[in-house]
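The lines below spell out each chain.
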Amino acid sequence: MQQLISFIRKELYHIWRDKKTMFILLGMPIVQIIIFGFALTNEVKNVKFAVLDYAKDNASQRLITALDASEYFDVTAVLQQPKAIEQAFKNGSIKMALVIPQAFEQELLHTNKAQIQCITDASDPNVANTIINYTNAIVGSYQQELQQQPLPYTIEVTNRMLYNPQLKGAYNFVPGVMAMVLLLVCTMMTAITIVKEKEIGTMEIMLVSPLQPLKIVIGKAIPYLALSIINIISILLLSVFVLEVPINGSLALLVGESILFILVSLALGLLISASAASQQAAMFVSLVGMFLPTIMLSGFMFPIENMPKPLQIVSNIVPAKWYFIIVKNVMIKGVGIEAVWKETIILTGMFLFFLSMAIRKFKIRLA
Amino acid sequence: MNNDKVITAHQLTKQFDNFIAVDHISFEVSRGEIFGFLGANGAGKTTAMRMLCGLSLPSSGEATVAGLNVYTHNEEIKKRIGYMSQKFSLYEDLTVKENIRFYAGIYGMSNNYIKTKTTQLLEQLHLTNESNSLVKSLPLGWKQKLAFSVAIFHEPQIVFLDEPTGGVDPVTRREFWNMIYQAAAAGITVFVTTHYMDEAEYCNRISIMVDGKIEALDTPTALKQQYHATSMDEVFLQLARKANRQE
């Protein structure tokens, strides 16, 4: 026990003396949450648009007002000729232009059919899509207002967005940031510090001492486990109080699952450290081998369902994918262990697999 | 078995696949002796030393360290030996005191004892004023002396030194050897590998390894007579030239 305390105290000195790294480790999750929360958002609001209204009648005015009144659109320019549309797009002053043809009201009332054109800037396809959907929705509701009596057969679709009615991006990226930060702190930092001990020769001294290798592993893991728990707490506090993302499920389950994921990451870090020859190699393997797949293949940035089949299969070996599913389910949907037991078993299996691989590699190196 | 023999090796061998790194070596080291373990790079001395330290198991042959069998009691052996490598292996971002406390701690020494002994040691090394300085601010020679003191802090029976004087100037090397003599006088057996032939002369007995085998083992004086040489350098060159093995 005293050996372990000595070891952990030494690790804490390392972390404490390296202030830069410590601030990065503790500050990174806060910065990430703030960046993802406020700068990177998929939500489209207050889209500036221009109108080219050839009709200038009652119906066209009401349609424009309806768009302008919604929180999604703001009219910024009333144009007189088609050339002006492209000019406005090019200097970036608008994201959408609405063209209403002549005699709009007349056609609408007498032939029951009228056309309008919605032109968007598709250099950002997602935003363009969203704008078109919003426009369709607003035009649709205007149409319903016009209908004095409903059609004999209408199917009215009532939409309900479960778990995230406001469609906030934060509901998706908070779990993602948690997975990323834990992986980075645990996998990369353990790998680097263990390899560092090999490089400076202190590992050899410890292996010649009566300190068992298992205690070295535990002593390395505990400080980073503590750092990770501080990070989880700061991420959750920021999400709940700043981004207003609720924790719908059990906090204990969420923390428990996070600790399981931390253990997986620590075991991975150990495995990397057993094979990497230098600190640079350990960092490179952690970043390319762990960090990129986590961002790309965990379902956090890009939906796994949309990926080609081979990538979908590969995504199964990314631990963050399973943790991401668990956190989303527990935190956002508020489900219990009965809904995430499968993912929990997979993570546990991964932990045992990586740990036994790491211990085997450790032993081979000693023989 | 003679109790005075703290290290014994008999036909000790280490084989990696088709490569015999250490080839049936036999020797004995007595208590308080300074035993020099010489050989060119790749001659197998590090591998031999790793087997004695319990870092690697022999392929065949027998060896005891502090009276304990290296196959069955390697964990017990670790408590009775000290080890210092050419990297000095102190933590640069820890203070002098913290380094001592850490290494003493992993040998399971009690806090009170560590404190008293640390104060004594710092006085001996004239490092009392530097006890709270980070090790990286110390000159190389001080680091080396500190590393040696840390290696014998837990009062081992044997201390293994793996090229302990690499990169250190001759004056500091001489001072360092004075520390080794003091340790040996206190009854600690010193097992040292080195490249410096002047240092070989300081040892009580030396063995020279060539291609995994011990080619010569005696006192420096006897070896010089045997090989009709005026210095250990000549003895070493005569033997090392026989080597077939490349690095």
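Cut-offs and rules
Here the residue index of a chain counts from 1 through its sequence in written order. Both sets of labels track the order of writing: A upward for chains, 1 upward for ligands. Where totals are concerned, whole chains, interfaces and linings use all residues; where local detail is concerned, this predicted model gives features only for residues with pLDDT of at least 70, and gives and counts side-chain atom pairs only at 80 or more. Side-chain metrics rest on all non-hydrogen atoms present in the structure, leaving aside hydrogens and water. Secondary structure elements are defined from DSSP: runs of H or I of at least 4 residues count as helices, runs of E of at least 2 residues count as strands, and each element is numbered from the N terminus. What the globule rule says is 2.2 Å times the number of residues to the power 0.38, and the radius of gyration is computed from C-alpha atoms. The buried label goes to any residue with under 20% of its type's maximum accessible area, the exposed label to any with over 50%, and the partly exposed label to all in between, with areas taken from a 1.4 Å probe on protein chains only. Here, residues are in contact when the closest pair of their heavy atoms is within 4.5 Å. The method behind every accessible area is Shrake-Rupley, applied with a 1.4 Å probe, and residues are considered shielded solely by the protein chains displayed. Think of a salt bridge as a Lys or Arg side-chain nitrogen and an Asp or Glu carboxyl oxygen that are within 4 Å of each other. One requirement defines pairing of two strands: DSSP has to find at least two bridges between them. Only C-alpha atoms enter the line fits that serve as axes; for helices the fit covers just the stretch in contact. Angles between N-to-C directions range over 0 to 180 degrees. The term buried area refers to how much accessible surface (probe radius 1.4 Å) is lost by two components on association, counted for both of them together. Residues are called lining when one of their atoms sits within 4 Å of a cavity or pocket point, these points coming from a 1 Å grid over the protein atoms alone, where a cavity is a set in which a 1.4 Å probe fits but cannot get out and a pocket is an open set with protein on both sides within 12 Å along at least five of seven lines. Grid points are joined across faces, edges and corners, and a volume is the space filled by probe spheres set on the points. Residues are grouped as follows: nonpolar covers Ala, Val, Leu, Ile, Met, Phe, Trp, Tyr, Cys and Pro; charged covers Asp, Glu, Lys and Arg; every other residue, Gly included, is treated as polar. Boundary definitions for the domains trace back to an automatic or database domain assignment. Only buried Ala, Val, Leu, Ile, Met, Phe, Trp, Tyr and Cys residues count toward a nonpolar core, and they belong to the same one when joined by side-chain atoms within 4.5 Å. With respect to orientation, any angle under 35 degrees is reported as roughly parallel, any angle over 145 as roughly antiparallel, any angle of 65 to 115 as roughly perpendicular, and every other angle as oblique. Note: crossing handedness is left-handed where the near helix turns anticlockwise from the far helix by less than a right angle, and right-handed where it turns clockwise. In predicted models, pLDDT denotes the confidence assigned by the predictor to each residue on a 0 to 100 scale.

### As for the overall build of chain A
- In terms of regular secondary structure, chain A is built from 14 helices and four strands.
- Here chain A has a C-alpha radius of gyration of 28 Å; the compact-globule value for 367 residues is 21 Å, and the former is much larger.
- For the C-alpha atoms alone, the extent of chain A along its principal axes is close to 95 × 45 × 40 Å.
- Going through the 367 residues of chain A one by one, you find that 44% of them count as buried.
- Intrachain contacts of chain A at a sequence separation of at least 6 include 78% that bridge at least 24 residues.
- As presented, chain A carries roughly 19500 Å² of accessible surface, and 63% of it is formed by carbon and sulfur atoms.

### A look at the overall build of chain B
- In terms of helices and strands, chain B carries nine helices and ten strands.
- Since a compact globule built from 247 residues should have a radius of gyration of about 18 Å, the 18 Å found for chain B is in line with a globular shape.
- Counting across all 247 residues of chain B, residues that qualify as buried make up 56%.
- Look at the contacts in chain B between residues 6 or more apart in sequence, and 67% of them connect residues 24 or more apart.
- When the accessible surface of chain B is split by element, carbon and sulfur atoms take 48% of a total near 10900 Å².

### A look at the pattern of salt bridges
- Counted according to the given criterion, the structure contains 20 salt bridges over all chains.
- The shortest N-O distance in the salt bridge between R80 of chain B and E76 of chain B comes to 3.1 Å. Within this pair, R80 of chain B and its partner E76 of chain B are both found in helix α2 (residues 74–80), separated by four residues, close to a single helical turn.
- Taking the relative accessible area as the measure of exposure, E76 of chain B reaches 31% and is therefore partly exposed.
- Between E175 of chain B and K145 of chain B there is a salt bridge whose closest N-O contact spans 2.6 Å. You can see E175 of chain B sitting in helix α6 (residues 170–185) and its partner K145 of chain B sitting in helix α5 (residues 140–151), a full 30 residues away along the chain.
- A relative accessible area of 36% means that E175 of chain B is categorised as partly exposed.
- Within the structure, one salt-bridge network assembled from shared partners comprises K10, E11, E197 and K220 of chain A.

### A closer look at the sheet that holds strand β4 (residues 60–65) of chain B
Residues and elements named next belong to chain B.
- Strands sit in the order β2-β1-β4-β5 across an open sheet of four strands; the sheet is antiparallel. In this open sheet, the two edge strands, each paired with only one partner strand, are β2 (19–30) and β5 (68–69).
- Pairing geometry for strand β1 (residues 5–16) and β4, over five bridges, is antiparallel. Its bridge partner lying in β4, I7 is registered against V65.
- Running at roughly 120° to β1, helix α1 (residues 45–52) makes contact with β1, β2 and β4 of the sheet.

### Things to note about the interface of chain B and chain A
- Each partner contributes residues to the interface: chain B has 31 residues there, and chain A has 25 residues.
- Together chain B and chain A conceal approximately 2500 Å² of surface at their shared face, both sides included; 58% is due to carbon and sulfur atoms.
- The tally of links between chain B and chain A comes to two salt bridges.
- Between R17 of chain A and E98 of chain B there is a salt bridge, with the nearest N and O atoms lying 2.8 Å from each other.

### So, empty space enclosed by the protein
- For the structure shown, the criterion picks out three cavities of 30 Å³ or more.
- Lining the largest cavity are 13 residues, and of these I205 of chain A together with Y83, Y103, V150 and A151 of chain B sit closest to its centre.
- For the lining of the largest cavity, the elements supplying multiple residues, two or more each, are β6 (81–84) and α5 of chain B.
- Taken together, the residues that form the lining of the largest cavity break down as nine nonpolar, four polar and no charged.
- Each pocket or cavity is described by its volume, and for the second largest cavity that value is around 60 Å³.
- Taken together, S6, R9, K10 and Y13 of chain A together with L94, E98, R101 and F102 of chain B make up the full set of residues lining the second largest cavity.
- For the lining of the second largest cavity, the secondary-structure elements that each account for two or more residues are α1 (2–17) of chain A together with α3 (96–106) of chain B.
- When residues in the lining of the second largest cavity are grouped by element, the largest group, four residues, is from α1 of chain A.
- A per-class count over the lining of the second largest cavity returns three nonpolar, one polar and four charged.

### Description of the domain arrangement of chain A
- Each assigned domain of chain A is listed with its residue range as follows: domain 1 (21–40 + 168–366) and domain 2 (47–146).
- For domain 1 of chain A versus domain 2 of chain A, the distance between C-alpha centres works out to 47 Å.

### Remarks on the nonpolar core
- Core analysis: the biggest nonpolar cluster contains 167 residues, and F27, L146, F148, F160 and F191 of chain B have the highest contact counts within it.
- For this core, the element with the highest residue contribution is helix α7 (residues 170–200) of chain A, accounting for 20 residues.
- Formed by 19 residues, the second largest nonpolar core is a distinct cluster that contains F73, I100, F104 and V139 of chain A.

### Structural notes on the packing of helix α9 (residues 213–241) of chain A against helix α10 (residues 251–275) of chain A
All names here are of chain A.
- Relative to each other, α9 and α10 sit at 140°, their axes nearing to 10 Å. What the angle tells us is that α9 and α10 run oblique. Crossing angle aside, the handedness with which α9 passes α10 is right-handed. Where α9 abuts α10, its residues V217, A221, Y224, L225, S228, I229, I232 and L236 lie against L251, L254, S258, I259, I262, L266 and L270.
- For the contact of α9 with α10, a count of residues per class yields 13 nonpolar, two polar and no charged.

### Topic: the confidence of the model for chain B
- In the predicted model, chain B carries a mean pLDDT of 89, and 98% of its residues have values of at least 70.
- Mean pLDDT in chain B bottoms out at helix α9 (residues 232–240) of chain B, which sits at 86, and peaks at strand β8 (residues 189–193) of chain B, which reaches 94.

### Some details on the pairing of β6 of chain B
All names here are of chain B.
- Residues I81 and Y83 line one face of β6 and the alternating positions G82 and M84 line the opposite face, and both faces are buried.
- Sheet analysis places β6 next to strand β7 (residues 158–162), joined by four bridges and oriented parallel. Across the sheet, the residue bridging to Y83 is F160, located in β7.

### Considering the sheet that holds strand β3 (residues 34–39) of chain B
Residue and element names in this part refer to chain B.
- Judged by pairing direction, the sheet is mixed, and its six strands sit side by side in the order β6-β7-β8-β3-β9-β10 without closing on themselves. Lying at the two open borders of the sheet, with one neighbouring strand each, are β6 and β10 (213–218). Recorded for the sheet is a direction-independent mean angle of 15° between the axes of neighbouring strands.
- Sheet topology note: the β3/strand β9 (residues 205–210) ladder contains five bridges and is parallel. Bridge pairing in β9 places F35 opposite R205.
- The strands touched by α1 are β3, β6, β7, β8 and β9; relative to β7, the strand with the most contacts, the crossing angle is about 155°.
- Lying over the sheet, α5 contacts β6 and β7, oriented at roughly 160° with respect to β6.

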